[in-house]
Amino acid sequence: MNEFMSALRTFLGDMFTYGMIAIFLENTIFSRSIGVSTVLLSVRKKYNIFLLGLIMTSVLLVSSIVVYFIFPLLKPLSYSYYLIPPVYVAVIGVIYVFALLLTQKFAKKRRKEILSIIHVGVFNCAVLGALMLATNNASASFGMFLGFAIGTGIGFTLASYTVRIAFEHLSSDAVPESFRGFPITLIYIGLVSLALYGVIGHELPF
Amino acid sequence: MQLNKTFYERNKERLQKFNGLFMTNPVVERGFILAPVVAAAYSCENAVSLGIGFLIITFVTVMLSSFIPKRIPYTIRIILYALIGCVVFVPTAMLIDWIFEDALYTVGIFLPLLVANSLIVVKSESRFHKHQKGYMAVDVLSHTIGFFIVIMIVGLIREFFGAGSLFGVLLNQWAVAPALLMPFSGFILVGLLAALCNKIRKRIEYPRKKEEDFK
């Protein structure tokens with residue numbers, strides 16, 4: 001019983017730590033800009049960001065479980081670098097099809113809304129990138145894998161929300177026309193990224 | 001009246017297929033494929049590697065994917081596009097590895113990520129595949145070259161002012177700010193470039209508009 005509790009504590013601890021890392025330290029949007037195009041698209045088209053984030057987190061969670069068991073088979077191969085993208089794309093593709101079928105069958109209230117954004121939430125660089133980043137840490141435990149996947153999804157949602165709350169102001173007439181909308185939003189994301197870089201404890205190299 | 005029109009106004013229709021170079025540039029106008037430009041294009045070598053990678057992967061994938069029949073459901077088509085991208089990725093990565101020794105290591109996950117880039121996953125259906133093959137080829141090529149130009153400009157500026165070198169050759173020792181090599185600088189630099197391009201684009205599109213109207 002004690003061993004089980006200790007293993008559970010380690011699992012939850014790993015999951016929490018890697019979740020926090022994925023949300024703040026290695027937020028895919030602010031630290032690597034992976035998925036920024038998706039964020040900008042969802043903000044511009046006024047998609048439901050929390051629903052999009054939920055779809056993405058769920059897909060990431062399921063695909064990371066699959067990838068966790070597939071990766072040890074790919075890792076020893078000398079050409080694994082070339083094999084990883086098609087395998088991960090295939091995994092995401094299968095989950096995408098299942099997600100669509102599940103939505104068609106079970107979603108009643110929000111079916112139309114989910115179907116209109118599911119392709120954006122599932123098939124994007126952030127999902128593929130998160131899987132690749134997770135497997136970069138080859139010695140990661142199952143808890144770390146799950147934590148990183150959930151954290152990436154939550155981090156994406158928070159980043160999208162951060163951009164959404166500012167986007168209307170950044171697209172207003174108060175901003176010079178050349179900067180209005182997309183250019184100033186990128187500068188804004190850059191400043192938030194810089195702030196996060198400082199909050200984490202890094203020092204600027206100049 | 002025709003004489004008063006600018007070159008762009010007179011040839012707007014004919015220039016449509018070259019719009020990807022500047023007027024609808026995928027990075028600075030549309031905000032697509034930002035990750036490699038912002039996070040990985042901090043040196044000229046990385047910029048060239050990713051630029052070549054993007055050009056080959058996107059061009060060949062979009063062209064090949066146009067042969068996939070439309071009667072296949074959209075969901076499956078999108079997955080097939082990305083899988084074609086994965087197949088094209090293999091020789092492309094080998095080529096880049098052959099040109100630059102450590103490129104695959106320094107660009108990290110950003111090269112394989114190009115297999116699911118927005119031009120393949122989103123724009124193939126909504127733009128490229130709606131045209132004839134010849135027009136589509138020029139259109140895709142102009143978009144990919146447009147990306148190449150932007151990533152090269154960003155790579156050049158960041159390496160020159162961030163590391164004081166160009167393609168690894170030390171040239172600048174008086175104005176070096178290593179923070180330019182960080183992703184946040186990439187965001188700000190691309191944002192400034194996008195604003196500059198917006199200004200020029202407005203001038204091309206509305207040449208007779210007064211300066212105050214642009215503010």
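What you see is a predicted model, and the numbers here were worked out from it, not measured in a lab.

### Describing the overall build of chain B
Here's step 1: For chain B, the helix and strand inventory stands at nine helices and two strands.
Here's step 2: Seen in sequence order, chain B has helices and strands lined up from the N terminus as α-α-α-α-α-α-α-α-β-β-α.
Here's step 3: Relative to the 2.2 N^0.38 estimate, which gives 17 Å for 215 residues, the radius of gyration of chain B is 19 Å and therefore close to what a compact globule would have.
Here's step 4: Across its three principal axes, chain B shows a C-alpha extent of roughly 55 × 50 × 25 Å.

### Structural notes on the overall build of chain A
Here's step 1: Counting secondary structure elements, chain A contains nine helices and zero strands.
Here's step 2: The order of helices and strands in chain A, counted from the N terminus, is α-α-α-α-α-α-α-α-α.
Here's step 3: Since a compact globule built from 206 residues should have a radius of gyration of about 17 Å, the 19 Å found for chain A is in line with a globular shape.
Here's step 4: Looking at chain A residue by residue over its 206 residues, the buried ones come to 45%.
Here's step 5: Once local pairs closer than 6 in sequence are excluded, the contacts in chain A between residues at least 24 apart make up 80%.

### Quick word on unusual backbone geometry
Residue and element names in this part refer to chain B.
Here's step 1: The residue Ile33 is not glycine, and still its phi comes out positive at about 45°.
Here's step 2: For Phe167, which is not glycine, the phi dihedral falls at a positive 50°.
Here's step 3: Position of Phe167 relative to the elements: it lies in the loop between strand E1 (165-166) and strand E2 (169-170).
Here's step 4: Since 13 C-beta atoms lie within 10 Å of it, Phe167 is described here as partly exposed.

### Examining the interface of chain A and chain B
Here's step 1: Contacts between the two partners involve 43 residues from chain A, matched on the other side by 42 residues from chain B.
Here's step 2: Every element with two or more residues in the side of chain A that touches chain B is listed here: helix H2 (28-32), helix H3 (36-44), helix H5 (80-106), helix H7 (125-136) and helix H9 (182-200) of chain A.
Here's step 3: Per element, the largest residue contribution to the side of chain A that touches chain B is eleven residues, and it comes from H5(A).
Here's step 4: For the side of chain A that touches chain B, the class distribution of residues is 31 nonpolar, ten polar and two charged.

### A word on the confidence of the model for chain B
All names here are of chain B.
Here's step 1: For chain B, mean pLDDT is 90; residues scoring 70 or higher make up 96% of the total.
Here's step 2: Confidence, expressed as mean pLDDT per element, reaches its minimum in chain B at helix H1 (residues 7-10) with 82 and its maximum at helix H4 (residues 44-65) with 96.
Here's step 3: Quick note on the complex model: pTM equals 0.92, ipTM equals 0.91.

### Thoughts on the environment of A:Tyr188
Residue and element names in this part refer to chain A.
Here's step 1: Along the chain, Tyr188 turns up in helix H9.
Here's step 2: Look at Tyr188 and you get partly exposed, because 19 C-beta atoms sit within 10 Å.
Here's step 3: Along the backbone, Tyr188 and Thr162 are 26 residues apart, and their C-alpha atoms lie at a distance of 9.8 Å.
Here's step 4: What Tyr188 contacts, discounting residues up to four positions off in sequence, is Ala166 and Leu170.

### Here's the deal with the packing of helix H5 (residues 74-99) of chain B against helix H7 (residues 118-126) of chain B
Residues and elements named next belong to chain B.
Here's step 1: Remark: H5 packs on H7, axes separated minimally by 9 Å, with the N-to-C direction vectors making an angle of 135°. Taken together, the axes of H5 and H7 lie oblique to each other. Taken as a pair, H5 and H7 cross one another with a handedness that is right-handed. Of the residues in H7, those touching H5 at Ile78, Tyr81, Ala82 and Gly85 are Ile120, Val121 and Ser124.
Here's step 2: In the contact of H5 with H7, the residues fall into five nonpolar, two polar and no charged.

### Side note on the nonpolar core
Here's step 1: Residues A:Val127, A:Leu128, B:Ala35, B:Val37, B:Ala82, B:Ala116 and B:Val190 are the most contacted members of the largest nonpolar core, which totals 113 residues.
Here's step 2: In contact with A:Val127, not counting residues within four places along its chain, are A:Met56, A:Val59, A:Leu60, A:Ser63, A:Ile92 and A:Val122.

### A word on H9(A)
Here's step 1: When the terminal C-alpha atoms of H9(A) are compared, their 27 Å separation across 19 residues agrees well with the 27 Å that a helix rising 1.5 Å per residue should span.
Here's step 2: Listing the buried residues of H9(A) in full gives A:Phe182, A:Pro183, A:Ile184, A:Thr185, A:Leu186, A:Ile187, A:Ile189, A:Gly190, A:Ser193 and A:Leu194.

Criteria and cut-off values
- Residues numbered from 1 in each chain as written.
- Chains lettered and ligands numbered in written order.
- Predicted model: local features only at pLDDT ≥ 70, side-chain atom pairs only at ≥ 80, totals over all residues.
- Helix = DSSP H or I, 4+ residues; strand = E, 2+ residues; numbered from the N terminus.
- Rg over C-alpha atoms; globule rule 2.2 N^0.38 Å.
- Buried ≥ 20, exposed ≤ 12 C-beta atoms within 10 Å, placed from the backbone.
- Contact = placed C-beta atoms within 7 Å.
- Nonpolar A, V, L, I, M, F, W, Y, C, P; charged D, E, K, R; others polar.
- pLDDT = per-residue confidence, 0-100.
- Axes fitted to C-alpha atoms, helices over the stretch in contact; angles between N-to-C directions.
- Parallel < 35°, antiparallel > 145°, perpendicular 65-115°, else oblique.
- Left-handed = near helix turned anticlockwise from the far one by under 90°.
- Core = buried A, V, L, I, M, F, W, Y, C linked by C-beta atoms within 7 Å.
- Expected span 1.5 Å × (residues − 1).

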